[in-house]
Amino acid sequence: MSGNFSDIREQIRALCAGFPGAYWREHDRARTYPREFVDALTTGGWLACLIPEAYGGSGLGLREAAAIMEEIQASGCNGAAAHAQMYTMGTILRHGSDAQKTSYLPEIAAGRLRLQAFGVTEPESGTDTLSLRTRAVRDGDHYIVNGSKVWTSRAEHSDLMLLLARTTAREDAPSRTEGLSVFIVDLREARGKGIEIRPIPTMINHATCEVFIDNLRVPAANLIGEEGKGFRYILDGMNAERILIGAECIGDARWFVARAGDYAKTRKVFNRPIGQNQGVQFPIARAYAQMRAAALMVERAAALFDAGERCGEEANLAKLLASEASWEAADTCMQTFGGYGFAEEFDVERKFREARLYRTAPISTNMILSYVAEHVLGLPRSY
Amino acid sequence: MKVLVAIKRVIDANVKARVRQDGSGVETTNVKMAMNPFCEIAVEEAVRLKEAGKATETVVVSAGAQQTQETIRTALAIGADRGIHVPHDGALEPLAVAKMLKAVAEREQPGLVLLGKQAIDDDCNQTGQMLAALLGWPQATFASKIEIDGDSATVTREVDGGLEKIAVKMPCVITVDLRLNEPRYASLPNIMKAKKKPIDQIALADLGVDPAPRLKVLKVAEPPARGGGIKVETAAELVDKLKNAAGVI
Ligand SMILES: Cc1cc2nc3c(=O)[nH]c(=O)nc-3n(C[C@H](O)[C@H](O)[C@H](O)COP(=O)(O)OP(=O)(O)OC[C@H]3O[C@@H](n4cnc5c(N)ncnc54)[C@H](O)[C@@H]3O)c2cc1C
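Keep in mind it's a predicted model, so treat the numbers as computed, not measured.

Conventions adopted
- Residues numbered from 1 in each chain as written.
- Chains lettered and ligands numbered in written order.
- Predicted model: local features only at pLDDT ≥ 70, side-chain atom pairs only at ≥ 80, totals over all residues.
- Helix = DSSP H or I, 4+ residues; strand = E, 2+ residues; numbered from the N terminus.
- Rg over C-alpha atoms; globule rule 2.2 N^0.38 Å.
- Buried ≥ 20, exposed ≤ 12 C-beta atoms within 10 Å, placed from the backbone.
- Contact = placed C-beta atoms within 7 Å.
- Pairing = 2+ DSSP bridges.
- Axes fitted to C-alpha atoms, helices over the stretch in contact; angles between N-to-C directions.
- Nonpolar A, V, L, I, M, F, W, Y, C, P; charged D, E, K, R; others polar.
- Parallel < 35°, antiparallel > 145°, perpendicular 65-115°, else oblique.
- Left-handed = near helix turned anticlockwise from the far one by under 90°.
- Domains from an automatic or database assignment.
- Near = placed C-beta within 6 Å.
- pLDDT = per-residue confidence, 0-100.

## Things to note about the overall build of chain A
Point 1. Within chain A, the secondary structure is distributed over 13 helices and ten strands.
Point 2. For 383 residues, the compact-globule estimate of 2.2 N^0.38 gives 21 Å, and the C-alpha radius of gyration of chain A, at 21 Å, lies within 12% of that figure.
Point 3. Expressed along its principal axes, the backbone C-alpha trace of chain A runs to roughly 80 × 50 × 40 Å.
Point 4. The buried share of chain A, reckoned over its 383 residues, is 50%.
Point 5. Within chain A, contacts between residues at least 6 apart in sequence are counted, and of these 72% link residues at least 24 apart.

## Thoughts on the sheet that holds strand β9 (residues 162-169) of chain B
All names here are of chain B.
Point 1. Taking strand neighbours across the sheet as the criterion, the nine strands line up as β9-β8-β7-β10-β6-β1-β4-β5-β11 in an open arrangement whose pairing is mixed. Since the sheet does not close on itself, it has two edges, and those belong to β9 and β11 (199-201), each with one partner. In this sheet, neighbouring strand axes are inclined to one another by 30 degrees on average, regardless of whether the strands run parallel or antiparallel.
Point 2. Alignment of strand β4 (residues 57-64) against strand β5 (residues 82-87), held across six bridges, turns out to be parallel. Within the sheet, the bridge partner assigned to valine 59 lies in β5 and is arginine 82.
Point 3. Where helix α1 (residues 37-51) meets the sheet, its contacts fall on β1 (2-6), β4, β6 (112-116), β7 (139-149) and β10 (172-176), and the angle it forms with β6 comes to roughly 150 degrees.

## A word on the interface of chain A and chain B
Point 1. Chain A puts ten residues into the contact, and the matching count from chain B is eight residues.
Point 2. Here the side of chain A that touches chain B is built from residues that sort into five nonpolar, four polar and one charged.

## A word on the pairing of strand β8 (residues 152-159) of chain B
All names here are of chain B.
Point 1. Two elements, β7 and β8, share six bridges in a ladder whose sense is antiparallel. By the bridge assignment for β8, alanine 143 is matched with arginine 157.
Point 2. In sequence, β7 turns back onto β8 through a hairpin of two residues, with glycine 150 there showing a positive phi of about 60 degrees.
Point 3. Note that β8 and β9 share eight bridges and pair antiparallel. Following the sheet pairing, valine 155 is matched in β9 by isoleucine 166.
Point 4. Between the antiparallel neighbours β8 and β9 lie two residues, among them glycine 161 with a positive phi of about 80 degrees.

## Structural notes on the pairing of strand β7 (residues 208-219) of chain A
Residue and element names in this part refer to chain A.
Point 1. Where strand β3 (residues 142-153) meets β7, ten bridges bridge the pair, whose relative direction is antiparallel. Bridging from a neighbouring strand, isoleucine 144 pairs with arginine 217 of β7.
Point 2. In this structure, strand β6 (residues 195-199) lies alongside β7, joined through five bridges in antiparallel fashion. Its bridge partner being in β7, proline 199 is matched across the sheet by cysteine 209.

## Considerations on the packing of helix α11 (residues 312-336) of chain A against helix α12 (residues 348-356) of chain A
All names here are of chain A.
Point 1. Across the interface, α11 lies against α12 with an axial gap of 9 Å and an inter-helix angle of 155 degrees. As the angle between them shows, α11 and α12 are arranged roughly antiparallel. Two packed elements cross with a definite hand, and for α11 against α12 that hand is left-handed. Every residue of α12 that contacts α11 at Ser326, Trp327, Ala330, Cys333 and Met334 is listed here: Val348, Lys351, Phe352, Ala355 and Arg356.
Point 2. Residues of the contact of α11 with α12, tallied by class, amount to seven nonpolar, one polar and two charged.

## So, the domain arrangement of chain A
Residue and element names in this part refer to chain A.
Point 1. The domain architecture assigned to chain A consists of domain 1 (5-110), domain 2 (115-227) and domain 3 (232-376).
Point 2. A C-alpha centroid distance of 20 Å is found between domain 1 and domain 3.
Point 3. Contact with domain 1, which involves 25 residues of that partner, is made by 24 residues of domain 3.
Point 4. Only α2 (21-30), α4 (62-74), α5 (83-87) and α6 (90-95) provide two or more residues apiece to the side of domain 1 that touches domain 3.

## Focus: the site of the ligand
All names here are of chain A.
Point 1. Near the ligand lie 22 residues; those nearest to it are Val120, Thr121, Gly126, Thr127 and Trp151.
Point 2. Every element with two or more residues in the shell around the ligand is listed here: β1 (115-119), β3 and α13 (365-376).
Point 3. Split by residue class, the shell around the ligand holds nine nonpolar, 13 polar and no charged.
Point 4. If you count residues domain by domain, the shell around the ligand takes at least three from each of domain 2 (115-227) and domain 3 (232-376).

## Quick look at the confidence of the model for chain B
Point 1. Confidence in the prediction of chain B, expressed as mean pLDDT, is 95, and 100% of residues score 70 or more.
Point 2. Confidence estimates for the predicted assembly give a pTM of 0.90 and an ipTM of 0.87.

What follows is the structure, given as structure tokens:
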């Protein structure tokens, strides 16, 4: 368990108790957004924990935020429906103008404004963010944007979207990482007027979408920071995202280990609990050990982030190790449950599907390994 | 009007209680603790009275080990204004707690003392009644509805076979039952505010209370394991089983 914060954890567990497996199964089956759960988190002020008190949030650090997310997952709920409301605002907080901060942050803190969508990934660029093609061209006091995004999660359930678009052609940009800019897009105004959102049916209930952008007019006042510096702005936000997703994976792993353990104690085959067999015990014990180890890395990364220190390596390692620990635990839990792991009523198959995501998104395992190889170990650049 | 709420830290309701190896009591080391659920209802009611403008201040008091302060913080996060911690390691009997509460009530001069009807650890159901007797105040136990009007309270009580409505003059002692309200979850901003609210410490001795036990616990044992049930075919067979196998009629 990363950090302690028992007061926070206890309240989250109490809140989550109101959203049992049956609630999630129903939304999962119907592929509907768990609005009631997100509303409960919003009303409780939980999603505003990282927003400074001056803007109406609780001004807490990433360690507390991690405790919240971990506990949500460990309770069997799915924080993915809401986690972005916590950290997406970080880009505005750190790089936005005073006018942007005072107009958006208090509304986001109060839950009146949902900033849940972040459009980075594109059909043609994928992992290679720098080659994204969505183009924003200045036109008086507006930018005209054209292009498309894919896998933009929660776009249908968000009022605002952060959008990463190219403002300087790649060949004209002063450096490889310059030429991209971040914009705040008001989806409430833009839908049907330059933005079309289409949900993508997926193996999990994640409300993820395709976003088509056609001559969208974005006020120049909605540009965050300086034009062309957008890639740098989103990088530190990505560290926060990776650490929090890592914490979610730890919560998932705890859930799987607990479920597997309970089941192994009670399921009797050959006149003994299956958990009496070391062949059943050991994978659960190993999954537990891996979860604990990964939790230490999540904690370390969050502590560095909160101290304002460099944490790129730790954030990436935390996400890598935690997503692997939760996947190991998921597979072990599935195996422990035998055939019943496949039955919807035990929630194992749902959590199994959901846990798999974090080896792919928000950054896939290979990209982290390549970051570690190149930037930490100094191996030759591969792409 | 000030409301004083007495709360107790007990084994979490979701934890399966285990008897200590030596039979001297229930195991509490490394066991998850929480506020007694009935006390939580009492705190919630006090906060609602304040929100409704009927109470001016809500004060929670609890006797117990150092960690009792966490439980007091939980009450402050629900919305109580300040806390009083009376440090004491080990168990306190209901009479000692009632004497402690009497001394605190004399200092604080509340118009109303709210307590849970019982604590889920020992299920004594005595403290509120003893406190009312010691103070010489009216009492209304097992409340499922409380209406305050001026200096009197109309209380709906859950009694065997139904509900009873009584009016009591304030100041009074009310113990609360399960259906009185549903306690809220503490929000994050309220947890943060609770950290800044004051908790005073008062020693038992300063309240003139002698914590020495008057009762002796001889032995605590697990209830006997339940045997499996049986199915009966007819009413006659049922009567026969009740009479001859179970020996209850
Ligand atoms: C449910 C879901 C929600 C998402 N939500 C969002 C969102 O809200 N916003 C957003 O912007 N994006 C989102 N994404 C996108 C996600 O971040 C990308 O899917 C992910 O970064 C991988 O990009 P890709 O799918 O294009 O894969 P590709 O880039 O096509 O990669 C495919 C595979 O090849 C591997 N690979 C590629 N290049 C290399 C290399 N050089 N060396 C080794 N391996 C390589 C990758 O690791 C991966 O395994 C979401 C995705 C999913 C599935």
